[in-house]
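# Observations on the model geometry
So you can see what is in the structure, the chains are spelled out below.
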Amino acid sequence: MAHSKEDILAGLADLVNEETGISTDQVELGKSFTDDLDIDSISMMTIVVNAEEKFDVKIPDDEVKNLQTVQDAVDFIASNQ
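As a starting point, this report considers the structure included with it. (Residues numbered from 1 in each chain as written. Predicted model: local features only at pLDDT ≥ 70, side-chain atom pairs only at ≥ 80, totals over all residues. Heavy atoms only, no water.)

### Details of the side chain of serine 32
As a reminder, the rule being used: Each helix is a run of DSSP H or I of at least 4 residues and each strand a run of E of at least 2, with the numbering of both proceeding from the N terminus. Summary of the burial criterion: residues with accessible area below 20% of their type's maximum are buried, those above 50% are exposed, and those between are partly exposed, where the area comes from a 1.4 Å probe applied to protein chains only. Contact definition: two residues touch when any of their heavy atoms are within 4.5 Å.
Tracing the backbone through its elements, the reader meets serine 32 in the loop between helix H1 (5-20) and helix H2 (41-55). Assessed through its relative accessible area of 10%, serine 32 is described here as buried. In contact with serine 32, other than residues within four places in its own chain, are Leu37, Gln68 and Thr69.

Written out as structure tokens, the structure reads:
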């Protein structure tokens, strides 16, 4: 089942919150995972693995480095589900 971009954003916000404790309302499309949300690479990998399960997508390791912002992640998941 395809998820809307709004659903993906909400789901990612939940995953980020579970992994880092960052409030879900801080996870916005224009924010950078590392610069704005201060998510380290280990937490990012956990979020990626959980996102793969939640949205039934495969995010290749070499693609993760391209997911700089929340928007990048939402767009990638939306186009690969």
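### Some words on empty space enclosed by the protein
What counts is decided by this rule: Definitions used throughout: a 1 Å grid over protein atoms alone; a cavity as a set of points that fits a 1.4 Å probe which cannot get out; a pocket as an open set with protein on both sides within 12 Å along at least five of seven lines; a lining residue as one with an atom within 4 Å of a point. Grid points are joined across faces, edges and corners, and a volume is the space filled by probe spheres set on the points. In the scheme used here, Gly and all other residues not listed as nonpolar or charged are polar, with Ala, Val, Leu, Ile, Met, Phe, Trp, Tyr, Cys and Pro taken as nonpolar and Asp, Glu, Lys and Arg as charged.
This structure, assessed with the given rule, holds one cavity of 30 Å³ or more. Volume-wise, the largest cavity comes out at about 50 Å³. Lining the largest cavity we find Leu12, Phe33, Met44, Ile47, Val48, Ala51, Ile59, Leu67, Ala73 and Ile77. Secondary-structure elements contributing two or more residues to the lining of the largest cavity are H2 and helix H4 (70-80). Take the lining of the largest cavity: its biggest share by element is four residues, from H2. Counted by class, the lining of the largest cavity contains ten nonpolar, no polar and no charged residues.

### Remarks on the environment of threonine 20
For the record, the criterion: Contacts described as polar in this section are N or O atom pairs within 3.5 Å, which, within protein, must combine one atom able to donate a hydrogen with one able to accept it, while residues neighboring in sequence count only if both atoms come from side chains.
Among the structural elements, threonine 20 can be located in helix H1. Relative accessible area serves as the criterion here: at 31%, threonine 20 is assigned to the partly exposed category. The sequence separation of threonine 20 and glutamate 53 amounts to 33 residues, and the corresponding C-alpha distance is 18 Å. Here threonine 20 is in contact with Ile39 and Ser43, once residues within four sequence places are set aside. At a separation of 2.6 Å, a polar atom in the side chain of threonine 20 contacts the main-chain carbonyl oxygen of valine 16.

Keep in mind these numbers describe shape, not what the thing actually does.
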